[in-house]
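# Remarks on the overall topology
Given next are the chains, with one letter for each unit.
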Amino acid sequence: MTPVNPIVACADMAKQDFSTLAEAPATVTSAVVDGKNCVVKGTISGRQNYQVALPIEGWTQRFLMAGCGGYCGGVNNPTTSQTFQTSGCMPRENNQMVIASSDLGHTRSPIKFADGSWAKDNPTATIDFAYLGMHRATVLSKALVKAYYGQEPKRSYYVGCSDGGREGLHEVQRYPEDYDGVVVSAPVIDEVATNTFYHGWNVRVNSDASGFPIFTAAKRPALAARVKQFCGDEGGLVQDPRLCEDRKEEILASLMCGNGPETDNCLTSAQADVVRKFWYGPVDEYGVRMSAGNMPLGSEAGLASAVPAGTPTARGEGDWADDFPNYMSNWGSGTGITWANMEFSLAGWNKLTPLSNLYDPTNPDLSRFAARGGKLIIWHGWADGGASPYMSLNYWTAVRNQMGVDAASKFMTLYMVPGIGHCSGNSDFLSPMLDWVEKGTAPGKISVRHTTPGSTTPLQTRPAYPYPSMVKYGGFGDMTAESSWVRADLPSGVSDVTAWRGLANYAPGKQMWCDPVTGSSTPNCTLK
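Now for a look at the structure at hand. (Residues numbered from 1 in each chain as written. Predicted model: local features only at pLDDT ≥ 70, side-chain atom pairs only at ≥ 80, totals over all residues. Heavy atoms only, no water.)

In terms of helices and strands, the chain carries 15 helices and 15 strands. On C-alpha atoms alone, the chain measures out to a radius of gyration of 23 Å, which is about the 24 Å that the 2.2 N^0.38 rule sets for 528 residues. Taking the principal axes of the C-alpha coordinates as reference, the chain spans close to 75 × 60 × 45 Å. Evaluated residue by residue, the chain yields a buried proportion of 57% over its 528 residues. (Helix = DSSP H or I, 4+ residues; strand = E, 2+ residues; numbered from the N terminus. Rg over C-alpha atoms; globule rule 2.2 N^0.38 Å. Buried < 20%, exposed > 50% of the residue type's maximum accessible area, 1.4 Å probe, protein only.)

Following this line, the structure appears as structure tokens:
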């Protein structure tokens with residue numbers, strides 16, 4: 001799109017008055033030139049911090065919001081946030097897009113990333129984090145764009161992973177006018193169940209009587225290698241864990257220590273039982289799943305609760321199921337429930353899920369978003385042990401059931417990517433979105449670069465195709481090269497729905513909308 005230059009100096013942005021901006025009254029605390037951008041910082045409604053990078057020249061009339069991960073509480077540098085899923089997108093890399101980020105209305109502890117204590121007796125912060133803060137940040141960012149360039153963005157995009165993926169789906173469902181194109185990776189759709197029962201289960205089932213791990217970090221390589229041997233393709237990736245479900249017991253049997261000495265290359269009976277529970281996930285006393293599956297086959301190398309021997313198991317995933325069930329799962333001053341004492345039962349479920357309809361973006365009716373031409377790409381790594389990939393499949397299926405397969409396919413595409421863990425890799429899902437929104441070209445093959453954590457150098461590159469396609473080895477060539485792999489059909493017989501206790505919430509009319517009440521820790525809420 002045609003580049004547009006600013007109409008005011010960067011320093012003058014600090015003089016702009018946004019105090020009466022509808023939905024997002026804000027202040028600007030600084031506006032300074034930093035490299036090629038005018039970086040504007042400030043607060044929304046006196047409590048939500050933001051940062052917006054506006055190109056000094058060459059802006060192509062595009063706006064990009066970068067979602068925040070974890071439980072937010074910090075403002076990421078928008079120019080570097082989410083680059084793992086936009087690597088190679090030229091408008092972004094050439095500094096042609098306005099990019100924004102926000103802390104969603106609270107500040108987390110500097111010593112605890114998964115801090116949730118800010119939610120104690122603070123319904124306003126809880127609502128902001130759940131869904132409202134991202135909308136406010138969007139409204140304010142567009143107002144800054146208009147003030148700096150004299151016009152609003154022609155196209156607005158969103159990209160986020162993990163909780164950032166959850167935030168993006170709330171935007172699509174609750175505020176469909178905010179964005180033209182939304183890319184969400186590994187969305188924590190079942191926010192409440194994930195940060196209570198899902199992570200809590202992994203800590204509890206792997207803790208001995210003294211709180212130390214039964215299945216330790218030293219055992220992970222052997223388990224991961226054996227899963228790869230039984231379930232991996234020619235390049236060592238598990239294409240779809242559902243296709244190897246019937247080999248789980250065979251895998252465990254092949255690893256048993258038996259009568260020999262225990263080593264890092266074998267499992268005791270107790271350790272094998274822990275792995276079974278990792279793979280299946282939390283269940284209540286009726287055998288009903290309390291999350292949408294758990295650790296998929298192929299995610300073993302990243303088992304967070306498998307900490308080194310002698311280390312408290314809680315140091316693995318404990319933080320994620322600590323403050324959330326205590327301070328974030330209910331209104332008020334705290335439930336006193338953490339991973340250590342939560343009940344894996346129907347009663348325990350009822351205690352920790354009253355706000356599921358507030359946090360969880362499960363409304364499959366995206367008709368308003370589709371009607372205005374909005375586009376949605378969801379992608380999830382099959383090796384993700386931090387947020388179950390079965391959540392994305394459940395939601396994709398629910399939208400198609402609600403709106404019809406043909407209608408849904410015109411605006412929503414899903415990619416299920418083998419070998420990719422939580423918010424990892426080095427790929428570009430944003431460029432296909434730009435082409436879909438601006439040129440009408442639906443997404444097809446995307447190059448997925450597999451990397452080690454902290455590196456952008458690919459260990460191997462694979463093509464990914466819209467689900468339900470997968471890939472297969474072409475029969476010749478370097479197995480680490482994308483050209484050696486071709487599209488293939490997913491074999492029949494696998495289900496795209498994982499039944500669990502919260503699946504009934506994947507329906508219209510169940511979203512909780514809340515307004516704080518002065519002097520009360522309980523807001524007024526309605527379901528819509």
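A few words now on the nonpolar core. One finds Val40, Leu54, Tyr131, Leu144, Phe215, Tyr359 and Leu376 to be the most contacted residues of the largest nonpolar core, which totals 118 residues. The leading source of residues in this core is helix H2 (residues 123–149), at 16 residues. Contact partners of Leu54, with chain neighbours within four places excluded, come to Lys36, Asn37, Cys38, Val40, Val98, Leu144, Val145, Tyr148 and Tyr149. Core analysis: the second largest hydrophobic core is formed by 24 residues, Leu64, Ile99, Val159 and Val448 among them. (Core = buried A, V, L, I, M, F, W, Y, C linked by side-chain atoms within 4.5 Å. Contact = heavy atoms within 4.5 Å.)

This paragraph deals with the sheet that holds strand S3 (residues 48–55). Pairing is mixed across the open sheet formed by 9 strands, whose spatial order is S1-S2-S3-S5-S4-S6-S7-S8-S9. With partners counted over all chains shown, the strands left at the sheet margins are strand S1 (26–34) and strand S9 (412–417), one partner each. Pairwise comparison of adjacent strand axes, ignoring direction, gives a mean angle of 15 degrees for this sheet. With 6 bridges connecting them, strand S8 (residues 375–381) and S9 associate as parallel partners. The residue of S9 that forms the bridge with Ile377 is Thr413. Each of S8 and S9 touches helix H13 (residues 389–403); the most contacted strand, S9, lies at about 155 degrees to it. (Pairing = 2+ DSSP bridges. Axes fitted to C-alpha atoms, helices over the stretch in contact; angles between N-to-C directions.)

Where helix H4 (residues 191–205) contacts helix H7 (residues 269–280), the axes come no closer than 10 Å and their chain directions differ by 175 degrees. Considering their axes alone, H4 and H7 lie roughly antiparallel with respect to each other. Taking contact as the criterion, the partners of Trp201, Asn202 and Val205 in H4 are, on H7, Val274, Lys277 and Phe278. The residue makeup of the contact of H4 with H7, split by class, is 4 nonpolar, 1 polar and 1 charged. (Parallel < 35°, antiparallel > 145°, perpendicular 65-115°, else oblique. Nonpolar A, V, L, I, M, F, W, Y, C, P; charged D, E, K, R; others polar.)

Residue Pro468 is bonded to the preceding Tyr467 through a cis peptide linkage, with omega at 15 degrees. Its identity as a non-glycine residue notwithstanding, Gln61 has a phi of 70 degrees, on the positive side. Here Gln61 shows up in the loop between S3 and strand S4 (62–66). Its relative accessible area of 12% is what places Gln61 among the buried residues. The backbone phi angle of Ala186 is positive, close to 45 degrees, even though this residue is not glycine. By the element assignment, Ala186 lies in the loop between strand S7 (181–185) and H4. Judged by relative accessible area, which is 2%, Ala186 ranks as buried.

Okay, the state of the cysteines next. Here is the idea: a disulfide is a covalent bond, and it sits between the sulfur atoms of two cysteines. This structure, assessed with the given rule, holds 6 disulfides. Put simply, Cys257 and Cys266 are joined by a disulfide, and their sulfur atoms are 1.9 Å apart. Between Cys257 and Cys266, the S-S dihedral sits near 90 degrees, and the bridge is therefore right-handed. Among the cysteines of the chain that take part in disulfides, numbered as they appear in the sequence, the pairing is 1-2, 3-4, 5-10, 6-7, 8-9, 11-12. The thiol of Cys89 is unpaired, and the distance to the nearest cysteine sulfur, on Cys161, comes to 17 Å. (Disulfide = S-S within 2.5 Å.)

Let us look at H13. The terminal C-alpha atoms of H13 lie 22 Å apart, and with 15 residues this matches the ideal 21 Å at 1.5 Å per residue to within 8%. In terms of burial, H13 is a largely internal element, 11 of the 15 residues being buried. All of the buried residues in H13 are Pro389, Tyr390, Met391, Ser392, Leu393, Asn394, Tyr395, Trp396, Thr397, Ala398 and Val399. As for H13, its buried residues are in contact with helix H3 (163–174), H4, S8, helix H14 (405–409) and S9. A positive phi of about 95 degrees marks Gly404, the residue just after H13. (Expected span 1.5 Å × (residues − 1).)

A separate point is the packing of aromatic side chains. All told, the structure shown has 26 aromatic pairs when counted by the stated rule. Note on Phe113 and Trp320: the rings are 5.9 Å apart at their centroids and 80 degrees apart in plane angle, and the pair reads as edge-to-face. Placement of Phe113 in the loop between strand S5 (97–102) and H2 and of Trp320 in the loop between helix H8 (314–317) and helix H9 (323–328) is noted, with a sequence separation of 207 residues between them. For Phe113, a relative accessible area of 43% translates into the label partly exposed. Between Arg289 and the ring centre of Tyr280, over which it is positioned, the NZ or CZ distance is 3.8 Å. Above the plane of the ring of Trp485 lies Arg462, whose end atom (NZ or CZ) is 3.5 Å from the centre. (Phe/Tyr/Trp six-rings, centres within 6.5 Å; stacked < 30°, edge-to-face > 60°. Lys NZ or Arg CZ within 6 Å of the ring centre and 35° of its normal.)

Looking now at the pattern of salt bridges. In this structure the tally under the stated criterion is 23 salt bridges. Between Lys248 and Glu245 there is a salt bridge, with its nearest N and O atoms 3.0 Å apart. On the accessibility criterion, Glu245 (36% relative accessible area) is partly exposed. (Salt bridge = Lys/Arg side-chain N within 4 Å of Asp/Glu carboxyl O.)

Turning to the packing of H2 against H3, a few remarks are in order. Helix packing for two helices is described by the angle between their axes and how far apart those axes are. Put simply, H2 and H3 touch, their axes get as near as 9 Å, and they point 75 degrees apart. The angle between H2 and H3 falls in the class roughly perpendicular. Where H2 approaches H3, its residues Phe129, Ala130, Tyr131, Met134, His135 and Thr138 are matched on the opposing element by Asp163, Arg166, Glu167, His170, Glu171 and Arg174. Of the residues contributing to the contact of H2 with H3, the split by class is 4 nonpolar, 3 polar and 5 charged.

Moving on to H7. If you check H7, its first and last C-alpha atoms are 17 Å apart, about what 12 residues at 1.5 Å a residue would give, namely 16 Å. For H7, every residue scored as buried is listed here: Gln271, Ala272, Val274, Val275, Phe278 and Trp279. Each buried residue of H7 sits inside an arc of 155 degrees when the element is viewed along its axis, so together they form one side. The elements touched by buried residues of H7 are H4, helix H5 (220–231) and helix H6 (248–253). Two residues or fewer past H7, Gly281 is found with a positive phi of approximately 95 degrees. (Arc of directions from axis to C-beta.)

In short, the description is geometric, and any link to function would need to be established separately.
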